[in-house]
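Take a look at the letters that make up each chain.
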Amino acid sequence: MNRDEELVAEWLRSKGHKVCPLTDGQDPPDLVMDGDIAVEVTTIKSLAYKSIWQFLDAAFKSLGPAENSRGYWVSIEYEDETMFQSVDEGKRKKELRKHIKQVLEDHYRNPDSGIWRNPIKLPYGLTLKILGEITDNPDRCKYEVYIGGESEGGIVVGMLVKYIQAAIDKKSANKRIQERAVKYREWWLVVTDVSSYVDRLDQDSLRIVSDALMRREPWKRIIAVAVRSNRVCRAVAL
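In this text, all values refer to a predicted model and were calculated from it rather than measured experimentally.

### A word on unusual backbone geometry
Put simply, Asp 27 and Pro 28 share a cis peptide bond, and its omega is 5°. Mapped onto the secondary structure, Pro 28 falls in the loop between strand 1 (19-21) and strand 2 (31-33). Cis geometry marks the peptide bond from Pro 28 to Pro 29; its omega dihedral reads 5°. For Pro 29, the location among the structural elements is in the loop between strand 1 and strand 2. Backbone geometry at Asn 68 places phi at a positive 55°, although glycine is not the residue there. Inspection of the secondary structure puts Asn 68 in the loop between helix 2 (50-61) and strand 4 (72-78). A relative accessible area of 81% places Asn 68 in the exposed class.

And the structure:
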């Protein structure tokens with residue numbers, strides 16, 4: 001078992017269930033609970049996008065403080081939230097910092113140029129667009145990431161729906177799971193989320209996530225699990 005599977009097995013045992021892991025070609029499922037319930041464990045990273053925000057925040061601040069408090073909002077788009085979770089992360093960041101420094105310093109020197117109304121395409125599927133001046137610039141930054149007025153909680157909810165739905169769809173399409181579905185009375189899908197906000201979302205937000213998900217066979221129950229400090233800190237049925 002991988003560590004997330006071990007943590008889920010430990011958590012289920014703490015609730016009084018008997019849990020047996022399946023290995024060496026017996027799986028899927030990853031675990032069998034109480035003899036006839038199949039438990040499949042999969043991991044998502046719903047906060048992966050934050051690494052992009054953090055990178056851009058640092059890259060913008062490296063350009064120095066705003067002149068006379070003149071700063072600009074920058075909207076961002078990206079094709080892959082996990083773009084920095086790769087073996088060439090350092091190379092990607094170095095290349096992007098170079099491009100960002102060039103285009104934004106050019107803009108800051110000549111902000112009235114019409115070319116800045118168009119999206120700025122950068123490597124690795126990252127796109128910037130300068131939206132306009134920050135009317136009140138308490139941070140005195142030349143550039144800040146614009147998140148469209150959406151609260152971080154709203155963004156997290158959207159990301160949870162996206163990643164959990166993708167996990168449901170992928171596991172439902174697994175032919176070995178389809179072939180073995182009748183062997184067990186029920187199938188549970190446990191989605192672990194490392195350093196996620198699952199443990200912080202209120203009941204209304206969790207209800208939004210649950211209502212947005214499209215259920216598929218063979219899953220009788222879908223459980224979101226927040227993993228922090230190498231332990232299960234919250235688990236919720238969706």
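Read on for the rest.
### Overview of the packing of aromatic side chains
On inspection of all chains with the given rule, the structure shows 8 aromatic pairs. A ring pair is formed by Tyr 184 and Trp 187, whose centres lie 5.7 Å apart and whose planes are at 90°; its orientation type is edge-to-face. Per residue, the accessibility class of Tyr 184 equals that of Trp 187, and both read buried. Here the basic side chain of Arg 70 rests over the ring of Tyr 108, its NZ or CZ set 3.9 Å away from the ring centre. The positively charged end of Lys 142 is found above the aromatic ring belonging to Tyr 108, 4.9 Å away from the centroid.

### Examining the sheet that holds strand 3 (residues 37-44)
Taken in spatial order, the 6 strands of this open sheet run 1-2-3-8-9-10, and their pairing is mixed. Lying at the two open borders of the sheet, with one neighbouring strand each, are strand 1 and strand 10 (231-237). Across this sheet, the average inter-strand angle for adjacent strands is 30°, counted without regard to direction. Inspection of the sheet shows strand 9 (residues 219-228) paired to strand 10 by 6 bridges, in the antiparallel sense. By the bridge assignment for strand 10, Ala 226 is matched with Arg 234.

Rules behind the numbers
- Residues numbered from 1 in each chain as written.
- Predicted model: local features only at pLDDT ≥ 70, side-chain atom pairs only at ≥ 80, totals over all residues.
- Heavy atoms only, no water.
- Helix = DSSP H or I, 4+ residues; strand = E, 2+ residues; numbered from the N terminus.
- Buried < 20%, exposed > 50% of the residue type's maximum accessible area, 1.4 Å probe, protein only.
- Phe/Tyr/Trp six-rings, centres within 6.5 Å; stacked < 30°, edge-to-face > 60°.
- Lys NZ or Arg CZ within 6 Å of the ring centre and 35° of its normal.
- Pairing = 2+ DSSP bridges.
- Axes fitted to C-alpha atoms, helices over the stretch in contact; angles between N-to-C directions.

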